[in-house]
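# Report on the structure
As a plain string of letters, each chain reads:
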Amino acid sequence: GAVVSQHPSWVICKSGTSVKIECRSLDFQATTMFWYRQFPKQSLMLMATSNEGSKATYEQGVEKDKFLINHASLTLSTLTVTSAHPEDSSFYICSAIVQALYGYTFGSGTRLTVV
Amino acid sequence: AQTVTQSQPEMSVQEAETVTLSCTYDTSENNYYLFWYKQPPSRQMILVIRQEAYKQQNATENRFSVNFQKAAKSFSLKISDSQLGDTAMYFCAFGRTGTASKLTFGTGTRLQVTL
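We now turn to the structure provided with this report. (Residues numbered from 1 in each chain as written. Chains lettered and ligands numbered in written order. Predicted model: local features only at pLDDT ≥ 70, side-chain atom pairs only at ≥ 80, totals over all residues. Heavy atoms only, no water.)

### Here's the deal with the layout of surface pockets
All names here are of chain B.
- What the largest pocket holds in volume is close to 250 Å³.
- As for the largest pocket, its lining consists of 17 residues, and the residues nearest its centre are Gln-39, Pro-40, Pro-41, Met-89 and Arg-110.
- At the level of elements, β10 (88-96) and β12 (109-114) are the ones that each hand at least two residues to the lining of the largest pocket.
- Residues belonging to the lining of the largest pocket are distributed by class as follows: eight nonpolar, five polar and four charged. (1 Å grid on protein atoms, 1.4 Å probe; cavity = no way out; pocket = protein on both sides within 12 Å on 5 of 7 lines; lining within 4 Å. Points joined across faces, edges and corners; volume = space filled by probe spheres on them. Helix = DSSP H or I, 4+ residues; strand = E, 2+ residues; numbered from the N terminus. Nonpolar A, V, L, I, M, F, W, Y, C, P; charged D, E, K, R; others polar.)

So this is what it looks like as structure tokens:
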């Protein structure tokens, strides 16, 4: 139980285009989801916290207009990378709190390459 | 703000041997959770073990156990009978109690299990 499905697992896009990454909680309601960015051989860097039905809270230094987060339902949160540039290439991971277990479950990640 | 420190960037252990990964943290909170996550080459984050700060007893999960020293703010992970499948990046993480608390990750320790 407590699975978060993240899609796509990898995506290549052209500079200037937008890319949407989806995270769905399959068997529980995810009131809160977190979005992370991970560079090769580095730790997870929290980008933002999204709460269902409200605006996301972004970490300092994360561009809100570039990384749009929507959490419109209890089972879906999306991250849209707008006007992507090569420096946005990275591994993006979502995570959700599983209230019943007080634990965190993670999506399988999305490898974004901007060419 | 909480900080998590993993002072061992890389470690190596032979199959069937025991290895201990170090983690220290800094917080002014009294109640919190500590986690060890494993990230294998697939990059899927997998929960290894969890410790509640109010519990004095160290958590164990099969071959994995922790040495939780609250006063010293230390939370080390011991892997017994190491297996090749244990090769991965290991992250120590801190989570405050509360319904929407984010995780703070350490920088990770890359563990290589050799024959």
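That shown, we press on.
### As for the interface of chain A and chain B
- Contact with chain A, which involves 24 residues of that partner, is made by 23 residues of chain B.
- Between chain A and chain B, a total of about 1,800 Å² is buried, with carbon and sulfur atoms accounting for 52% of that surface.
- In this structure, the connection of chain A to chain B is made through one salt bridge.
- When the shortest N-O distance is used, the salt bridge between Glu59(A) and Lys102(B) registers 3.2 Å.
- In this structure, the connection of chain A to chain B is made through eight residue pairs in polar contact (both at pLDDT 80 or more).
- Here the residues of the side of chain A that touches chain B sort into twelve nonpolar, nine polar and three charged. (Contact = heavy atoms within 4.5 Å. Buried area = accessible area lost by both parts, 1.4 Å probe. Salt bridge = Lys/Arg side-chain N within 4 Å of Asp/Glu carboxyl O. Polar contact = N/O pair within 3.5 Å; in protein donor to acceptor, adjacent residues only side chain to side chain.)

### What about the state of the cysteines?
Residues and elements named next belong to chain A.
- Tallied over the full model, the rule gives two disulfides over all chains.
- Covalent S-S linkage joins Cys-23 and Cys-94, the inter-sulfur distance amounting to 1.8 Å. Its torsion about the S-S bond being -95°, the disulfide of Cys-23 and Cys-94 is classed as left-handed. Of the two residues, Cys-23 is situated in strand β3 (residues 19-25) and Cys-94 in strand β9 (residues 90-98); the sequence distance between them amounts to 71 residues. (Disulfide = S-S within 2.5 Å.)

### Some thoughts on the pattern of salt bridges
- The full count for this structure, using the stated rule, is eight salt bridges over all chains.
- Here Asp88(A) and Lys66(A) are joined by a salt bridge, their closest N and O atoms 2.8 Å apart. Linking Asp88(A) in the loop between β8 (76-81) and β9 with Lys66(A) in the loop between β6 (57-58) and β7 (67-73), this pair joins segments that are 22 residues apart in sequence. Taken as a pair, Asp88(A) and Lys66(A) share a single burial class, namely buried.
- In this structure, the salt-bridge partner of Arg50(B) is Glu52(B), at a minimum N-O distance of 2.9 Å.
- Take Glu52(B): its relative accessible area is 8%, and that puts it in the buried class.
- Through salt bridges that share partners, Arg50(B), Glu52(B) and Lys55(B) make up one connected network. (Buried < 20%, exposed > 50% of the residue type's maximum accessible area, 1.4 Å probe, protein only.)

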